Amino acid sequence: MNTTYCITGVSGYIGRLLARRLASDPKNRVIGIDLNEPENLEEIEFHRSDIRDPNIASVLKAENVDVLIHLAFYTLPEGNAVEAESINIDGTKNILKALKEADATRLILASSSAAYGSHPDNPVPMSESQPLRPNRFFYYSWHKATQEELTQQFVNSHPAVKAIILRPCILIGPHINNPTGDSLKQKLLVYISGEQTPIQVIYEDDAVEAFRLAATSNSEGIYNVAADSTVTYPELAKMMNKRLILLPFWLLSRLATVGKWLRVSPVSATTLKFIRNPIVVDPSKFNQQFNFTPKYDSKQAFVQFVKEI
């Protein structure tokens with residue numbers, strides 16, 4: 001029996017890769033929803049739509065969607081905060097309403113390890129039992145945690161729907177398109193001096209496989225998704241054969257804010273404040289449940305990234 005999957009945000013970083021992987025199985029039918037049509041993705045059936053559009057329910061119903069994979073998200077951490085809230089929060093509310101009206105029975109939500117929040121006393125690593133403490137100053141973190149709350153409320157009210165919430169750590173790979181990738185592609189790396197914060201990443205192919213495993217299973221629950229080990233910026237600079245300048249937080253934050261205003265820096269003090277604390281998660285629950293082992297640990301993922309950019 002064929003299964004119909006619907007991916008919101010199908011033109012995004014992970015959406016395109018996941019759609020292609022799911023569509024490679026002839027038993028799968030893949031529907032994509034986005035405002036922009038993905039390039040070179042003829043394997044799917046595409047619907048141009050905004051996730052805030054009330055008519056999305058009719059699309060899901062007409063296509064007999066079995067599994068909804070909600071990836072659509074305003075990802076720029078320092079973009080338009082009003083637009084971000086409209087897409088991330090109002091859009092999620094609308095998607096959940098559409099899911100109910102279409103009688104779909106499976107939901108996969110892309111959350112993030114950022115939902116745990118950036119705090120000096122974060123345990124290393126954090127399991128799924130760690131309370132979420134999202135940072136209001138960093139709406140990416142706040143919105144991911146709010147998405148989870150909305151999803152949990154929906155599932156509690158609709159027990160027929162099985163939901164998986166995935167909390168991946170930072171993604172890295174040749175297709176990366178965000179401030180992390182922009183900063184790593186600079187000739188000179190600049191970071192905060194002092195004790196170096198551990199950085200945890202997962203290679204894009206491994207992240208896509210984790211989403212595929214979740215989407216094609218009958219499981220439910222909340223899972224961290226990450227690779228083993230961590231790296232620091234000095235280690236990263238050495239692996240990438242790039243010069244690294246370490247500056248005090250107060251100085252770097254001021255320079256970054258001015259640079260952001262001048263459009264020469266991908267981030268300002270807001271992002272630096274968020275990344276200065278460790279956010280390292282324990283992926284063992286997911287790995288055991290889905291018999292999953294990432295091909296690359298964090299250090300190997302960066303090495304592979306350098307080879308492919």
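Residues numbered from 1 in each chain as written. Predicted model: local features only at pLDDT ≥ 70, side-chain atom pairs only at ≥ 80, totals over all residues. Heavy atoms only, no water.

Participant: Would you mind showing me how to read the sheet that holds strand S4 (residues 67-70) here?
Facilitator: Paired through their backbone hydrogen bonds, the strands of a sheet run either parallel or antiparallel. The parallel open sheet is built from seven strands, whose spatial order is S3-S2-S1-S4-S5-S6-S10. Each having just a single partner strand, strand S3 (45-48) and strand S10 (221-225) make up the two edges of the open sheet. When the angles between neighbouring strand axes are averaged without regard to direction, this sheet yields 20 degrees. As paired elements, strand S1 (residues 3-8) and strand S2 (residues 28-34) share six bridges and run parallel to each other. Paired with Ile7 across the strands is Gly32, a residue of S2. Packed onto the sheet, helix H6 (residues 204-215) meets S1, S4, strand S5 (106-110), strand S6 (162-168) and S10 and runs at close to 160 degrees relative to S5. (Pairing = 2+ DSSP bridges. Helix = DSSP H or I, 4+ residues; strand = E, 2+ residues; numbered from the N terminus. Axes fitted to C-alpha atoms, helices over the stretch in contact; angles between N-to-C directions. Contact = heavy atoms within 4.5 Å.)

Participant: Looking at this structure, I do not really get the layout of surface pockets. What am I missing?
Facilitator: In this approach a probe as big as a water molecule rolls over the atoms, and the regions it shows empty are the leftover space. The calculated volume of the second largest pocket comes to roughly 240 Å³. Lining of the second largest pocket is provided by Pro120, Tyr191, Ile192, Ser193, Glu195, Gln196, Thr197, Pro198, Arg276, Asn277 and Pro278. When its residues are assigned to classes, the lining of the second largest pocket shows five nonpolar, four polar and two charged. (1 Å grid on protein atoms, 1.4 Å probe; cavity = no way out; pocket = protein on both sides within 12 Å on 5 of 7 lines; lining within 4 Å. Points joined across faces, edges and corners; volume = space filled by probe spheres on them. Nonpolar A, V, L, I, M, F, W, Y, C, P; charged D, E, K, R; others polar.)

Participant: What am I meant to see in a nonpolar patch on the surface here?
Facilitator: Where nonpolar side chains cluster on the molecular surface, the patch consists of Val258, Trp261, Leu262 and Val264 and spans about 490 Å² of accessible area. Inspection of the secondary structure puts Trp261 in helix H8 (residues 249-261). When its relative accessible area of 71% is taken as the criterion, Trp261 is described as exposed. (Patch = residues over 30% accessible without salt bridge, like charges linked within 9 Å, V, L, I, M, F, W, Y side chains within 5 Å. Areas by Shrake-Rupley, 256 points an atom, 1.4 Å probe, with all protein chains shown as cover. Salt bridge = Lys/Arg side-chain N within 4 Å of Asp/Glu carboxyl O. Buried < 20%, exposed > 50% of the residue type's maximum accessible area, 1.4 Å probe, protein only.)

Participant: Would you mind showing me how to read the packing of aromatic side chains here?
Facilitator: Here a ring pair, both rings aromatic, is described through the centre-centre distance and the interplanar angle of the planes. Under the counting rule described, the total for this entry stands at 10 aromatic pairs. Here the aromatic rings of Phe286 and Phe292 are separated by 5.6 Å at their centres, their planes lie at 80 degrees, and the arrangement is edge-to-face. Side by side, Phe286 and Phe292 carry an identical accessibility label, which is buried. Every member of this aromatic cluster is reached through a ring pair, and the members are Phe73, Phe138, Tyr140 and Phe274. One Lys or Arg, Lys144, reaches over the ring of Phe73 and ends 3.8 Å from the middle of that ring. In this structure, Arg276 is placed above the aromatic ring of Phe249, and the distance from its NZ or CZ to the ring centre is 3.8 Å. (Phe/Tyr/Trp six-rings, centres within 6.5 Å; stacked < 30°, edge-to-face > 60°. Lys NZ or Arg CZ within 6 Å of the ring centre and 35° of its normal.)

Participant: Would you take a moment to explain the nonpolar core for this structure?
Facilitator: A general tendency of soluble globular proteins is for nonpolar side chains to be buried together. Of all hydrophobic cores here, the largest spans 64 residues; its most connected members are Ile7, Leu18, Ile69, Ile108, Leu166, Ile172 and Phe286. Among residues more than four places away in sequence, those in contact with Phe286 are Leu166, Ala210, Leu213, Tyr223, Asn224, Val225, Asn291 and Phe292. Grouped together as the second largest cluster of nonpolar side chains are 28 residues, Ala84, Leu96, Leu99 and Val161 included. (Core = buried A, V, L, I, M, F, W, Y, C linked by side-chain atoms within 4.5 Å.)

Participant: What exactly am I supposed to notice about H8 here?
Facilitator: Every α-helix winds through 3.6 residues per turn, so residues three or four apart in the chain are directed the same way. Between the first and last C-alpha of H8 there are 18 Å, a value that for 13 residues agrees with the 18 Å anticipated at 1.5 Å per step. When we look at burial in H8, the residues that qualify are Leu252, Ser253, Ala256 and Gly259. Down the axis of H8, the smallest arc covering the buried residues is 130 degrees, so these residues share one side. Residues Arg254 and Trp261 are exposed on H8 and point more than 90 degrees away from its buried face. Check the buried side of H8 and you find it contacts strand S8 (188-192), strand S11 (243-247) and helix H9 (269-275). (Expected span 1.5 Å × (residues − 1). Arc of directions from axis to C-beta.)

Participant: It is not clear to me how the pattern of salt bridges should be interpreted in this structure. Could you clarify?
Facilitator: Opposite charge on two side chains permits them to pair, given that their charged atoms come into close proximity. According to the stated counting rule, one finds 11 salt bridges in the structure shown. Here Glu37 ties to Arg48 by a salt bridge, and the two come within 3.7 Å at their closest N and O atoms. Here Glu37, found in the loop between S2 and S3, pairs with Arg48, found in strand S3; they are 11 residues apart in sequence, far enough to count as distant. For Glu37, a relative accessible area of 49% gives the class partly exposed. Linking Glu209 and Arg212 is a salt bridge whose minimum nitrogen-to-oxygen distance equals 2.8 Å. Here Glu209 and its partner Arg212 are both found in helix H6, three residues apart, which amounts to about one turn of the helix. What makes Arg212 partly exposed here is its relative accessible area of 25%. Among the charged side chains, a network of salt bridges with common partners joins Arg21, Glu209 and Arg212.

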